[in-house]
Amino acid sequence: MEKIKIKAKEKNAIIESLKAGIVPKIGLQHIQVGRADEIKEMIKDYDLISDGGAKTRFIIGEYGSGKTFFLTLAKLIAHEKNLVVVSADITTEKVLCSSDGKSQKLFSELITNMSTKTKPDGGALRSIIERWTSKILQNNENITEGNIYKELMPLEKYVACYDFSKVLTTYINAYQNGDDMKMSQALRWLRAEYSTKTDARNDLGVRTIIDDNNFYEYLKLFAGFVRLAGYSGLIVSIDELAILARLKSNIRNKNFERILNIINDSLQGTTEYIGFIFGGTPEFLEDKYKGMYSYGALETRLADNPFAKEGMKDLTGPVIRLENLSQEELYMLFINIRNVFAEYNETKYLVSENDIQIFMQWLMNRLGAKSFLSPRESIKAFIGLLNQLQNYPDTNISNYLSGVQIQEDKEPIDDELVSLTLGE
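Conventions used here
- Each chain has its residues counted from 1, running along the sequence as written.
- With the structure being a predicted model, the display of local features is reserved for residues of pLDDT at least 70 and the display and counting of side-chain atom pairs for 80 or more, all residues being used for whole-chain, interface and lining totals.
- Excluded from the side-chain calculation are hydrogens and water; included are all heavy atoms of the structure.
- Strands here are runs of E lasting at least two residues and helices are runs of H or I lasting at least four, both read from the DSSP assignment and numbered beginning at the N terminus.
- The quantity called the radius of gyration is restricted to C-alpha atoms. Its globule counterpart is 2.2 Å times the number of residues to the power 0.38.
- Contact between two residues is taken to exist if any of their heavy atoms lie within 4.5 Å; hydrogens are not considered.
- Only four residue types enter the charge count, namely Lys and Arg as positive and Asp and Glu as negative; His and the chain termini do not.
- Here the site of a charge means NZ on Lys, CZ on Arg, CG on Asp, or CD on Glu.
- What counts as a salt bridge is simple: a side-chain nitrogen of Lys or Arg found within 4 Å of a carboxyl oxygen of Asp or Glu.
- Burial here depends on accessible area, computed with a 1.4 Å probe over protein chains only, as a share of the maximum for the residue type. Under 20% is buried, over 50% is exposed, and the range in between is partly exposed.
- Pairs were defined over the aromatic rings of Phe, Tyr and Trp, the Trp ring being its six-membered one, requiring ring centres within 6.5 Å. Orientation was assigned from the angle between planes: stacked under 30 degrees, edge-to-face over 60, tilted for the rest.
- By definition here, charges over rings are those cases where NZ of Lys or CZ of Arg is within 6 Å of the ring centre and within 35 degrees of the ring normal.
- Here a helix's expected span is defined as the number of its residues, less one, multiplied by 1.5 Å.
- Here, nonpolar core refers to any group of buried Ala, Val, Leu, Ile, Met, Phe, Trp, Tyr and Cys residues whose side-chain atoms link them within 4.5 Å.
- To obtain an axis, a line is fitted to C-alpha atoms, over the contacting stretch when the element is a helix, and the angle between two such axes runs from 0 to 180 degrees between their N-to-C directions.
- Small angles under 35 degrees read as roughly parallel and large ones over 145 as roughly antiparallel, with 65 to 115 read as roughly perpendicular and the rest as oblique.
- Polar here means any residue outside two lists: the nonpolar Ala, Val, Leu, Ile, Met, Phe, Trp, Tyr, Cys and Pro, and the charged Asp, Glu, Lys and Arg; Gly therefore counts as polar.
- In protein, a polar contact means a hydrogen-donor-capable atom and an acceptor-capable atom, both N or O and within 3.5 Å, with residues adjacent in sequence counting only if both atoms are side-chain atoms; elsewhere, any N or O pair within 3.5 Å suffices.
- Each crossing gets its handedness from the near helix: less than a right angle anticlockwise from the far helix is left-handed, clockwise is right-handed.
- The rule for pairing is simple: two strands pair if DSSP sees at least two bridges between them.

Quick look at the overall build of the protein chain now. Broken down by element type, the protein chain carries 17 helices and five strands. Compactness check: the protein chain gives a C-alpha radius of gyration of 24 Å against a globular reference of 22 Å for 424 residues, within 12% of the reference. Projected onto its principal axes, the C-alpha positions of the protein chain cover 75 × 50 × 35 Å. At a minimum sequence separation of 6, the contacts of the protein chain that also span at least 24 residues come to 72%. Each charge sign in the protein chain was given a centre, from 52 positive and 58 negative side chains, and these centres are 3 Å apart.

Next comes the structure, spelled out in structure tokens:
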């Protein structure tokens, strides 16, 4: 059996992220456990999107069930399937539907965070444009507005394709001429960073901007564009839906209507090469007063299959519910962390399987079931234990487990480290 290898960069990112209570952005394959069925379902979605379809998913989980980690892993798998991913969190200042610039801000963050396999941390817009440009140049075509528009003919059905092509022409010409200012202006427009049409017209000669009214249409346009650039489609990943519950009822309902439009478009086949992944909590999904179930049409679309039972879940619907972390999964997670810490060198293991079982029993004695439902502090404690065993090689686990207390999570605000229960 080939020995597993881990890069120093990956090891450091994993350990330091876990120590800080956040999900590492690289090396997830070294620590993921469980969730195989859910990941297989996401891969089916990606294949559908790559074939010209559309899909909307809601990843629903309690704090500690693995929502943030699942979204992160789903993003990396999308990259492996040659999909472009844009991601952002809902906040009170960035929402799906507004009339005061908050939807525009959400779009701007999504495009800023645009990522691909070669640019996994975001900022991929420029490289995608230049990849598409290189395809045109390979055909020995001159970079003119007419040629650009001809290449974008498949996108004619989308809003403002003409201005989109004009901005791309401006960027490409500026790139060839070394005009950094004009390149920056074109990217600002594509990232929805112009607040007035006048400024956009003065800088780029276009009559429109990406704003609250058309940002969803532009997401569909971008899905078509990345396809022309050689990618399989676009995934829009939006977390923290529960923030919508804080909005006034009329604004909240407009956001629910936007979500309903997105679902209907994907179900009815009116969108293509695009997928939406939303993250939220069961409380927000099912709340009859402020949650998505307060909007009748959404409750109908998102209701669970009545024939799905425990152990016989149905993952074909729009909602994927993430179950809480089990003791077995937490045990395997500790095993994986130990292996990463030792760089998969058995001679460097600081704890044995039996030591890990003792550690878990110690957790149960102090935190009870909470140590499995919300393991952030438990994992941080395990990392701290490994650090001390490495710092003081003459000690063993029994030297540390008496008298040590773990600070419990008091407010389940941030679904970061609590999200380490992901699938293969």
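As enumerated under the stated definition, the model contains 20 salt bridges in all. Residue Glu41 is joined to Arg57 by a salt bridge in which the shortest nitrogen-to-oxygen separation is 3.3 Å. Taken together, the residues Glu41 in helix 2 (residues 36–50) and Arg57 in strand 1 (residues 54–61) connect sequence positions 16 residues apart. Looking at Glu41, the relative accessible area reads 12%, which means it is buried. Residue Arg57 is classed as buried on the basis of its relative accessible area, which comes to 1%. A cluster of three or more residues bridged by salt bridges with shared partners is formed by Glu41, Lys44, Asp45 and Arg57.

Positive phi is not limited to glycine here, since Asn82 has a value of about 65 degrees. With respect to the helices and strands, the residue Asn82 is situated in the loop between helix 3 (67–80) and strand 2 (84–89). For Asn82, a relative accessible area of 30% gives the class partly exposed. One non-glycine residue, Glu240, lies in positive phi territory at about 65 degrees.

Take the packing of aromatic side chains next. Going through the model one piece at a time under the given rule, you end up with 16 aromatic pairs. One aromatic cluster is present, formed by Phe107, Trp132, Phe164, Phe215, Phe222 and Phe225 through successive ring pairs. The ring of Tyr216 has Lys220 sitting right over it, with the charged end atom 4.5 Å from the ring centre. Residue placement shows Arg338 over the ring face of Tyr349; its charged tip is 3.7 Å from the ring centre.

Here we take up helix 7 (residues 161–177). The end-to-end C-alpha distance of helix 7 is 24 Å, a good match for the 24 Å that 17 residues give at a rise of 1.5 Å each. In terms of burial, helix 7 is largely enclosed, as 12 of its 17 residues are buried. Within helix 7, the full set of buried residues consists of Cys161, Asp163, Phe164, Ser165, Lys166, Val167, Leu168, Thr169, Thr170, Tyr171, Ile172 and Ala174. Where helix 7 is buried, its residues contact helix 5 (125–138), helix 6 (145–151), helix 8 (180–190), helix 9 (197–204) and helix 10 (215–228). Just downstream of helix 7, Gly178 is the residue with a positive phi angle, here 70 degrees.

In this structure, Phe58, Trp189, Leu241, Ile259 and Met292 are the most contacted members of the largest nonpolar core, which totals 79 residues. At nine residues, the largest contribution of residues to this core is made by helix 10. Ranked by size, the runner-up nonpolar core spans 50 residues in total, among them Leu18, Leu322, Phe334 and Ile335.

With their axes 11 Å apart at the nearest point, helix 5 and helix 8 run at an angle of 105 degrees to one another. Considering their axes alone, helix 5 and helix 8 lie roughly perpendicular with respect to each other. Touching Leu125, Arg126 and Ile129 of helix 5 are Met183, Leu187 and Leu190, all from helix 8. Split by residue class, the contact of helix 5 with helix 8 holds five nonpolar, no polar and one charged.

We now examine the side chain of Arg252. Residue placement: Arg252 occurs in helix 11 (residues 249–268). Buried charge without a salt bridge: Arg252, with Asp287 as the nearest opposite-charge side chain at an N-O distance of 7.9 Å. At 2.7 Å, the side chain of Arg252 and the backbone oxygen of Leu247 are in polar contact. What Arg252 contacts, discounting residues up to four positions off in sequence, is Leu244, Ala245, Leu247, Tyr289 and Lys290.

With that settled, consider the packing of helix 8 against helix 9. Two elements in contact, helix 8 and helix 9, have axes separated by 10 Å at closest approach and are oriented at 145 degrees. Two packed elements cross with a definite hand, and for helix 8 against helix 9 that hand is left-handed. Contacts from Lys182, Gln185, Ala186, Arg188 and Trp189 of helix 8 reach helix 9 at Ala200, Asp203 and Leu204. When grouped by side-chain class, the residues that make up the contact of helix 8 with helix 9 number four nonpolar, one polar and three charged.

Time to look at the sheet that holds strand 1. Sheet architecture is open: five strands sit in the order 2-3-4-1-5, paired in parallel fashion. A single partner strand is all that each edge strand has here, and the edge strands are strand 2 and strand 5 (319–322). Adjacent strand axes in the sheet meet at a mean angle of 15 degrees, parallel and antiparallel pairs treated alike. Here six bridges tie strand 2 to strand 3 (residues 234–239), and the two strands are oriented parallel to one another. Within the sheet, the bridge partner assigned to Val84 lies in strand 3 and is Leu234. With respect to the sheet, helix 3 is in contact with strand 1, strand 2, strand 3, strand 4 (274–280) and strand 5, its orientation differing from that of strand 3 by roughly 170 degrees.

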